Amino acid sequence: MVKIGIIGFGVVGSGVYEVIRKNKESIARKSGDEIDIKYILDIRDFSSHEESHLFVNNFDRMVADDEISIIVETMGGLDPAYEYTKRALSCGKSVVTSNKELVATYGDELLKIAYDNGCSYLFEASVGGGIPIIRPLNQCLAANEIGGITGILNGTTNYILTQMIKDGQSFEEALKDAQDLGYAERNPSADVDGHDACRKICILTSLATGKKIEYKKVYTEGITNITLRNVEYAGKLGYVIKLIGMSRVCDSGKVNVMVAPMMILKEHPLASVEGVNNAIMVDGNAIGSAMFYGPGAGKLPTASAVVADVIDIAKNRGSENRLLWVKADGEVIIPQDESQFKYFVRVGAPYAEAKAQIREVFGECTCIDLYEDEFGFVTNEIAEGDLKAKFASLSYKVIDFTRIL
Ligand code: HSE
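In what follows, the accompanying structure is described. (Residues numbered from 1 in each chain as written. Predicted model: local features only at pLDDT ≥ 70, side-chain atom pairs only at ≥ 80, totals over all residues. Heavy atoms only, no water.)

1. Quick notes on the sheet that holds strand β2 (residues 35–41)
(1) Moving on: The strand order across the open sheet formed by six strands is β3-β2-β1-β4-β5-β6, and the pairing between neighbours is parallel. The open sheet terminates on both sides in strands that have one partner only, identified here as β3 (55–56) and β6 (121–122).
(2) Moving on: Where helix α1 (residues 11–22) meets the sheet, it contacts β1 (2–7), β2 and β4 (68–73), and its direction lies at approximately 155° from that of β2. (Pairing = 2+ DSSP bridges. Helix = DSSP H or I, 4+ residues; strand = E, 2+ residues; numbered from the N terminus. Contact = heavy atoms within 4.5 Å. Axes fitted to C-alpha atoms, helices over the stretch in contact; angles between N-to-C directions.)

2. Here's the deal with the layout of surface pockets
(1) Moving on: Of the pockets and cavities examined, the second largest pocket occupies roughly 260 Å³.
(2) Moving on: Surrounding the second largest pocket, 14 residues form its lining, Asn144, Glu145, Ile146, Ala208 and Thr209 being those nearest its centre.
(3) Moving on: Those elements giving two or more residues to the lining of the second largest pocket turn out to be α6 (134–140) and α10 (195–209).
(4) Moving on: The dominant element in the lining of the second largest pocket, judged by the number of residues it contributes, is α10, at three residues.
(5) Moving on: Looking at side-chain class alone, the lining of the second largest pocket contains eight nonpolar, four polar and two charged residues. (1 Å grid on protein atoms, 1.4 Å probe; cavity = no way out; pocket = protein on both sides within 12 Å on 5 of 7 lines; lining within 4 Å. Points joined across faces, edges and corners; volume = space filled by probe spheres on them. Nonpolar A, V, L, I, M, F, W, Y, C, P; charged D, E, K, R; others polar.)

3. Some details on the pairing of β4
(1) Moving on: The element β4 is largely enclosed, with a buried count of five among its six residues.
(2) Moving on: Relative to β4, β1 runs parallel, the two being bridged by five bridges. Within β4, the position partnered with lysine 3 by the bridge is isoleucine 68.
(3) Moving on: In this fold, β4 hands off to helix α4 (residues 81–90), which returns the chain to strand β5 (residues 94–97); that crossover is right-handed. (Buried < 20%, exposed > 50% of the residue type's maximum accessible area, 1.4 Å probe, protein only. Right-handed = clockwise from strand over helix to strand, strands pointing away.)

Shown next as structure tokens:
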């Protein structure tokens, strides 16, 4: 019998409980042993829960119990999840988590503590909700050098953009729907400002390169400035707008990593990923391109990934040795101004008035003239720093620009 404790009985924690209860027999068969929940830690009152005897409000009891070999951390946030995780791993108890903020911030340190103490720190659920991506990247694609990762990594923003594209909803209307449906994080800024997607691309890139990617250094732009005009321009040019997290390993070994809304061709495989779904394309030098697709958020999909990690630990006891990434010496990320794209640029002036200057500065380019007070054009591929230098030489206001994938 493998006894586990769950810390944090919110959406994901209660999903873990539900999946373990619902699939008890098949989980026991796959683990080679029965998985038994011994404690659930939550500061709220669950005295009317049908298994209220499992609830405790003191972590000390759980971590001191020698019978507990795995702790499921579904609290979210850094405090107290970081302290609890360190204590559990230091005692040789494996920890499974869905907490991307913790993995992105302290993953290197926590993996090292697990390694030193002969236990595991697993986090399949931290990226892509129910989609298997951490284990495929780490095991099934282990023969590859990974050159790039491109993904729709946040379900809330993908839902919002889908509503804007398909139903013409405004950003505010679509955000409210996403909150009512329970997709958005407690603080919607984590989703709509791109921080959640940033943590996820950092985890994937750290895993792919073996070097810690510090998410605070990664260029991150959310979707709060995307309007129905942006969506309409994109549609007329044959694109959709998606919030993309991407990383590319450069020849220098450094990485171009960023999160931003991007225009992608309607024929691109990521363009058809709608609603709360996520998808991740991984480019490997043996496999080529592989795409992982599925529900990127939600109670049971995320719990599915957490419980799979629990099963993995139960099944592979004695073979815990996974040091996945470490802090790198020197800078790993290339400056954002060096990243190269084609761009769609909106100019706040009538087309007839500004077109001559745009041609002079940017050369021949595709222009689109939909509104009286502005127009848009597509640039050739240039570095972002050069793009901004060209903007500075214009006598017209640039409203915004969108990278084209
Ligand atoms: N708020 C996140 C999302 C949940 O919308 O993708 C899953 O990490």
